[in-house]
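Okay, here's what each chain looks like letter by letter:
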Amino acid sequence: MSALIFLVNSAIGIYKWILILWVILSWLVAFNVINTHSQFVSTMMNFLYQATEPVLRPIRRIVPDLGNVDISPLIALLLVYALQIFFNDTIVPVLYSL
């Protein structure tokens with residue numbers, strides 16, 4: 001049972017880092033700090049986009065447009081933190097009681 005709990009917490013932790021990396025790389029691209037014509041940057045941005053867009057797209061539909069500011073990654077990060085707290089405080093005790 002501990003392995004399953006560790007796996008879920010690790011997956012949530014990795015996804016938090018993916019969201020943070022997406023935000024940082026998108027800022028670096030927006031401010032022309034890094035070049036998107038680089039194959040490494042392009043591959044990394046494509047991976048991060050595909051990993052985060054299924055979560056961010058529904059949030060962007062709900063949250064009003066704030067111009068150039070996209071707060072959907074922040075909301076997604078808060079939701080992921082809430083999911084991890086819910087899992088650790090609600091589901092883990094039930095799993096240990098089985």
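Participant: Is there a simple way to think about the overall build of the protein in this case?
Facilitator: Of regular secondary structure, the protein possesses three helices and zero strands. In the protein, the succession of α and β elements from N to C terminus is α-α-α. The C-alpha extent of the protein, read off along each of the three principal axes, is 55 × 30 × 15 Å. The contacts of the protein with a sequence gap of at least 6 include a subset with a gap of at least 24, amounting to 61%. Accessible surface, the protein as shown: approximately 7,000 Å² in total, 71% of it carbon and sulfur.

Participant: When you look at unusual backbone geometry in this model, what are you seeing that I'm missing?
Facilitator: With glycine set apart, most residues show a phi of negative sign, and most peptide bonds adopt trans. In this structure, Asn 32 takes a positive phi of about 55° despite not being glycine. Along the polypeptide, Asn 32 turns up in the loop between helix H1 (2-30) and helix H2 (39-62). Overall, the relative accessible area of 67% leaves Asn 32 in the exposed class.

Participant: Please clarify how helix H3 (residues 72-97) should be interpreted in this entry.
Facilitator: Residue pairs spaced three or four apart in an α-helix point in one direction, given the helix's 3.6 residues per turn. Its 26 residues place the ends of H3 37 Å apart at the C-alpha level, agreeing with the 38 Å of an ideal helix rising 1.5 Å per residue. Its axis deflected by about 35° at Ile 91, H3 carries its strongest bend there, up to four residues before the proline Pro 93. Of the residues making up H3, those classed as buried are Ser 72, Pro 73, Ala 76, Leu 77, Val 80, Gln 84, Phe 87, Val 92 and Leu 95. Structurally, H3 contributes buried residues whose contacts are with H1 and H2.

Participant: Hey, could you run me through the nonpolar core in this one?
Facilitator: For soluble globular proteins, the rule of thumb is that nonpolar side chains tend to be buried together. Core analysis: the largest hydrophobic core is formed by 14 residues, its most contacted members being Leu 19, Trp 22, Met 45, Leu 48, Leu 56, Ala 76 and Val 80. Counting residues per element, this core draws most heavily on H1, which supplies six residues. With near-sequence residues (within four places) excluded, Leu 19 lies in contact with Thr 52, Leu 56, Ala 76, Leu 77 and Val 80.

Calculation rules
Residues numbered from 1 in each chain as written. Predicted model: local features only at pLDDT ≥ 70, side-chain atom pairs only at ≥ 80, totals over all residues. Heavy atoms only, no water. Helix = DSSP H or I, 4+ residues; strand = E, 2+ residues; numbered from the N terminus. Contact = heavy atoms within 4.5 Å. Areas by Shrake-Rupley, 256 points an atom, 1.4 Å probe, with all protein chains shown as cover. Buried < 20%, exposed > 50% of the residue type's maximum accessible area, 1.4 Å probe, protein only. Expected span 1.5 Å × (residues − 1). Bend = angle between axes of the 7 residues up to and from the residue. Core = buried A, V, L, I, M, F, W, Y, C linked by side-chain atoms within 4.5 Å.

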